[in-house]
Amino acid sequence: MRPIVVTACAGVAFGMAAPLDAQEPADWLPKITVAEIMDAMVMPNAQIVWDAVTYDASDKGETVTGPKTDEDWQKVRWAAVTLAEAANNLIVPGRAVNHPGVKPSEGELAPEQIQKLIAADRGAWVGHAKALYETVAEAIKAIDAKDIEKVSDAGGNIDAACEGCHLQFWYPEQNKKK
């Protein structure tokens, strides 16, 4: 018995973990809904990344402003890291879109309809979350390089990743109108 414990402890000590697919559904705690993750993690942190770079056009030309101090850059980086991890949280198995009976916003499908679309094409759902994660990873690289232009570009890519998912799952009727 002792060698097994030593082996298990050695695995933890050296940072080895069980592969993700070895986890059981009971390992996840998907009590928070997708809508709550969007409201609490995705939107506020995406907004910080989007607002990190501003453009001001005047008769004197265009002025581009971004984070100035190391602390400013760190705040944007924290927001981006939180946003990246929100993408992982969105794909936790068993997570509900929203609480039962919640009324959708104008133009959105009801949560039950969205849930059915996700269940019917979970691969696309996961793909959209991974696309969000990858675009945020671009933003993190740009933040680490303190490259204002690339942070701005990454912000546009984050927006496009979000919109692609929304057009498929939240308001697919708008996709049909195009």
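Quick caveat: nothing in here was measured; it's all calculated off a predicted structure. (Residues numbered from 1 in each chain as written. Predicted model: local features only at pLDDT ≥ 70, side-chain atom pairs only at ≥ 80, totals over all residues. Heavy atoms only, no water.)

Peer 1: Help me out: how do you make sense of the nonpolar core in this one?
Peer 2: Looking at soluble globular proteins, one finds that nonpolar side chains tend to be buried together. Counting residues in hydrophobic clusters, the biggest one holds 42 residues, and the most contacted among them are Trp 125, Val 136, Ile 158, Phe 169 and Trp 170. At the level of secondary structure, the elements contributing two or more residues to this core comprise helix H2 (34–51), helix H3 (70–90), helix H4 (111–120), helix H5 (122–144) and helix H6 (148–170). For Trp 125, the residues in contact, after removing those within four places along its chain, are Val 34, Leu 90, Ile 91, Ile 118, Cys 165, Phe 169 and Trp 170. (Core = buried A, V, L, I, M, F, W, Y, C linked by side-chain atoms within 4.5 Å. Buried < 20%, exposed > 50% of the residue type's maximum accessible area, 1.4 Å probe, protein only. Helix = DSSP H or I, 4+ residues; strand = E, 2+ residues; numbered from the N terminus. Contact = heavy atoms within 4.5 Å.)

Peer 1: Got a minute to help me understand the pairing of strand S1 (residues 54–58) in this structure?
Peer 2: One face of the sheet, then the other: side chains in a regular strand alternate in exactly this way. Note that S1 and strand S2 (residues 61–65) share five bridges and pair antiparallel. Residue pairing across strands places Ser 58 opposite Gly 61, the latter belonging to S2. Taking the residues that link successive antiparallel strands as the turn, the S1-S2 hairpin has two residues. (Pairing = 2+ DSSP bridges.)

Peer 1: Where do I start with the packing of aromatic side chains in this structure?
Peer 2: To describe a pair of aromatic rings, one takes the distance between the centres and the angle between the planes. A complete count under the given rule lists two aromatic pairs for this structure. Ring centres 5.5 Å apart and planes at 85 degrees place the aromatic pair Trp 125 and Phe 169 in the edge-to-face group. Note that Trp 125 is positioned in helix H5 and Phe 169 in helix H6, a separation of 44 residues in sequence. Residue Trp 125 is classed as buried on the basis of its relative accessible area of 3%. The buried category is assigned to Phe 169, whose relative accessible area is 1%. (Phe/Tyr/Trp six-rings, centres within 6.5 Å; stacked < 30°, edge-to-face > 60°.)

Peer 1: Please explain unusual backbone geometry as it appears in this structure.
Peer 2: Glycine aside, a negative phi is what most residues show, and trans is what most peptide bonds show. Unlike most non-glycine residues, Lys 146 shows phi in positive territory, near 55 degrees. Note on placement: Lys 146 falls in the loop between H5 and H6.

Peer 1: Would you mind showing me how to read the pattern of salt bridges here?
Peer 2: Close approach of charged atoms lets side chains of opposite charge pair. Across all of its chains, the model carries three salt bridges by this definition. We note a salt bridge from Asp 70 to Lys 146, for which the minimum N-O separation is 2.4 Å. Residue Asp 70 is located in helix H3, and its partner Lys 146 is located in the loop between H5 and H6; the two are separated by 76 residues in the primary sequence. Overall, the relative accessible area of 42% leaves Lys 146 in the partly exposed class. With a closest N to O distance of 3.6 Å, Glu 71 and Lys 75 form a salt bridge. Of this pair, Glu 71 and Lys 75 both sit in helix H3, four residues apart, which is roughly one turn of that helix. (Salt bridge = Lys/Arg side-chain N within 4 Å of Asp/Glu carboxyl O.)

Peer 1: Could you clarify how one ought to interpret the environment of Asp 159 in this entry?
Peer 2: With respect to the helices and strands, Asp 159 occurs in helix H6. Spatially, the C-alpha atoms of Asp 159 and Thr 135 are 9.1 Å apart, while their sequence positions differ by 24 residues.

Peer 1: Mind showing me how you'd approach the side chain of Thr 135 here?
Peer 2: Tracing the backbone through its elements, the reader meets Thr 135 in helix H5. Judged by its relative accessible area of 10%, Thr 135 falls in the buried class. Within the structure, Thr 135 has its side chain in polar contact with the backbone oxygen of Leu 132 (distance 2.8 Å). Not counting chain neighbours up to four residues away, the residues in contact with Thr 135 comprise Ala 154, Asn 157, Ile 158 and Ala 161. (Polar contact = N/O pair within 3.5 Å; in protein donor to acceptor, adjacent residues only side chain to side chain.)

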